[in-house]
Amino acid sequence: MRAQSLLVTRRCNQRCGFCDRVDPASADPPLALLLREIARAREAGASSLSITGGEPTLRPDLLEIVRAARRSGFPEISLATNATRILPQIAAALRDAGLTAAVVSVVTTRPDAHRSLVSDSTHPAQVLRGLTALLDAGLRVSVRLPVARELPPAAARLQGLTRAVPRLDRFTLAVIGPGESTLRPDQALSQAELAAEFTSAYDDADKLHVTLVLDPEHPPAPCTVPLPPRARRLFSSILREENGPPNRAGAACAACGPSPSCTISADQLARSAGPPG
């Protein structure tokens, strides 16, 4: 399934210090331009559309954008959101317009940490309300867990979220790596720290019987994170079962051990730590 992202705004109602997609002074793309991009993406063969930001719900014409995507024939239409503005009636309206899924980014569920890391104008209770509304509307919901230094451990967030909203069963680890245009480059975790973070989150997800995957836009190279065998399943979207030609995404890839089974792209590699050396 070919996926297409549609950035509809760089405005946001939060101020996560590691996010490089937000620009409060940026004007939203005109609706007419977005409608043309939707039509072109569908004509080019895209079957999945992800509406992203910033915070897309700040656009008053968001429903019109979703309807246009459905009219164009997209079978899968997802919304990337922080969910703080999602009320039950909004979730239902988005579903009726054609939305099929939502990806909700959660930095923390603790009010004190939320104030310092995310925003003092929103609250974790709003995120939980939004998650519940999206699930109640029958949408497929995945929780995106950014992973970076000074953020709460992904495992702790996973535990807290499944306690608060037991219906949640899909989680994604999104690594904020040195290849990102972060506001705080020092927030990138070392390879050893990533390994500990991934393994702990994997073990908890296994115990809770929920799905945990790596964000395809931010996957670390498999050769850079020394995971124990049980947690190597996290790389299942990158490592194919049968060997093929050596990967040539980076200069060091050809000599890398997992290279024949690795499918990481040059673009993905540029946003990750990259292979050693």
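If you're wondering where the values come from, they're calculated on a predicted model, not measured in any experiment.

(A) Representation of the overall build of the protein chain in the model. Scanning the protein chain from N- to C-terminus turns up eight helices and seven strands. In summary, the protein chain has a C-alpha radius of gyration of 19 Å against a globular reference of 19 Å for 277 residues, a match within 12%. Within the protein chain, the proportion of its 277 residues that are buried is 49%. For the protein chain, restricting intrachain contacts to residue pairs at least 6 apart in sequence, the fraction spanning at least 24 positions comes to 71%. Here the protein chain displays about 12,800 Å² of accessible surface, and carbon together with sulfur accounts for 53% of that area. Charged side chains in the protein chain number 32 positive and 27 negative. The centres of these two groups are separated by 2 Å.

(B) A look at the environment of Ala-137. Turning to its location among the elements, Ala-137 is positioned in the loop between helix H5 (124-136) and strand E5 (140-147). Residue Ala-137 is classed as buried on the basis of its relative accessible area, which comes to 9%. Taking the C-alpha atoms as reference, Ala-137 lies 15 Å from Leu-63; in sequence the two are 74 residues apart. Not counting residues within four places of it along the chain, the set of residues in contact with Ala-137 comprises Ala-91, Ala-92 and Arg-95.

(C) The arrangement of the sheet that holds strand E1 (residues 3-7) in detail. Strand order in this open sheet of seven strands is E1-E2-E3-E4-E5-E6-E7, and the pairing throughout is parallel. Each edge of the sheet is formed by a strand with only one pairing partner; in this case those strands are E1 and strand E7 (211-214). Along the sheet, successive strands turn relative to each other by an average axial angle of 25°, direction set aside. Pairing of strand E6 (residues 170-175) with E7 involves four bridges; the strand directions are parallel. Considered in E7, the bridge of Phe-171 is made with Leu-212. Here helix H6 (residues 154-164) sits on the sheet in contact with E5, E6 and E7, set at roughly 150° to E5.

(D) Layout of helix H2 (residues 62-71). Of all the positions in H2, only Leu-62, Ile-65, Val-66, Ala-68 and Ala-69 are classed as buried. All buried residues of H2 project into a common sector of 160° when viewed along the axis, lining one side. At its buried positions, H2 is contacted by E1, helix H1 (31-43), strand E2 (48-52), strand E3 (76-81) and helix H3 (88-97). Positive phi appears at Gly-73, one or two residues downstream of H2, with a value of about 100°.

(E) Structural view of the confidence of the model for the protein chain. Taken over all residues, the pLDDT of the protein chain has a mean of 89, while the share at 70 or more is 94%. Every residue in residues 273-277 is under pLDDT 50, and counting partners more than four places away or in other chains gives 12 contacts.

(F) A look at the environment of Pro-260. Mapped onto the fold, Pro-260 is located in the loop between E7 and helix H8 (266-270). In this structure the C-alpha to C-alpha distance between Pro-260 and Arg-240, which are 20 residues apart in sequence, comes to 8.7 Å. In this structure, Pro-260 is in contact with Arg-240, Glu-242, Asn-243, Gly-244, Pro-245 and Pro-246, ignoring residues within four places of it in sequence.

(G) Focus on empty space enclosed by the protein. Applying the stated rule across the entire model yields two cavities of 30 Å³ or more. When its volume is computed, the largest cavity comes out at roughly 70 Å³. Lining the largest cavity are 12 residues, and of these Cys-223, Cys-253, Cys-256, Cys-262 and Ile-264 sit closest to its centre. Class assignment for the residues of the lining of the largest cavity results in 10 nonpolar, two polar and no charged. One number sums up the size of the second largest cavity: a volume of about 60 Å³. In terms of lining residues, the second largest cavity is bounded by Gln-14, Asn-82, Ser-105, Val-106, Val-107, Thr-108, His-114, Val-118 and Val-127.

Here is what the cut-offs are and how they apply
For every chain, the first residue of the written sequence is number 1, and numbering continues from 1 onward in sequence order. Two thresholds apply to this predicted model, a pLDDT of at least 70 for residue-level local features and 80 or more for giving and counting side-chain atom pairs, whereas whole-chain, interface and lining totals are computed over all residues. Side-chain metrics rest on all non-hydrogen atoms present in the structure, leaving aside hydrogens and water. Only DSSP runs of H or I with at least four residues qualify as helices, and only runs of E with at least two residues qualify as strands; both kinds are numbered from the N terminus onward. The quantity called the radius of gyration is restricted to C-alpha atoms. Its globule counterpart is 2.2 Å times the number of residues to the power 0.38. Throughout, exposure labels follow a simple rule: accessible area from a 1.4 Å probe, protein chains only, divided by the maximum for the residue type, with under 20% read as buried, over 50% as exposed, and the rest as partly exposed. In what follows, residue pairs with any heavy atoms lying within 4.5 Å of each other are defined as contacts. Every accessible area reported is derived by Shrake-Rupley at a probe size of 1.4 Å, with residue values counting cover from the shown protein chains alone. Positive: Lys, Arg. Negative: Asp, Glu. His and the chain ends are not part of the count. Every charge is mapped onto a representative atom, which is NZ of Lys, CZ of Arg, CG of Asp or CD of Glu. A pair of strands counts as paired when DSSP detects no fewer than two bridges linking them. In this description, a line fitted to the C-alpha atoms serves as the axis of each element, helices being fitted only across the stretch in contact, and the angle between N-to-C directions of two axes falls anywhere from 0 to 180 degrees. Here the arc refers to the directions that run from the helix axis out to each C-beta atom. Confidence scores here are pLDDT values: one per residue, from the predictor, ranging 0 to 100. Here a cavity denotes grid points, spaced 1 Å and computed from the protein atoms alone, that fit a 1.4 Å probe unable to get out, and a pocket denotes an open set having protein on both sides within 12 Å along at least 5 of 7 lines; residues with an atom within 4 Å of a point are the lining. Grid points are joined across faces, edges and corners, and a volume is the space filled by probe spheres set on the points. Classification used: nonpolar for Ala, Val, Leu, Ile, Met, Phe, Trp, Tyr, Cys and Pro, charged for Asp, Glu, Lys and Arg, polar for all others including Gly.

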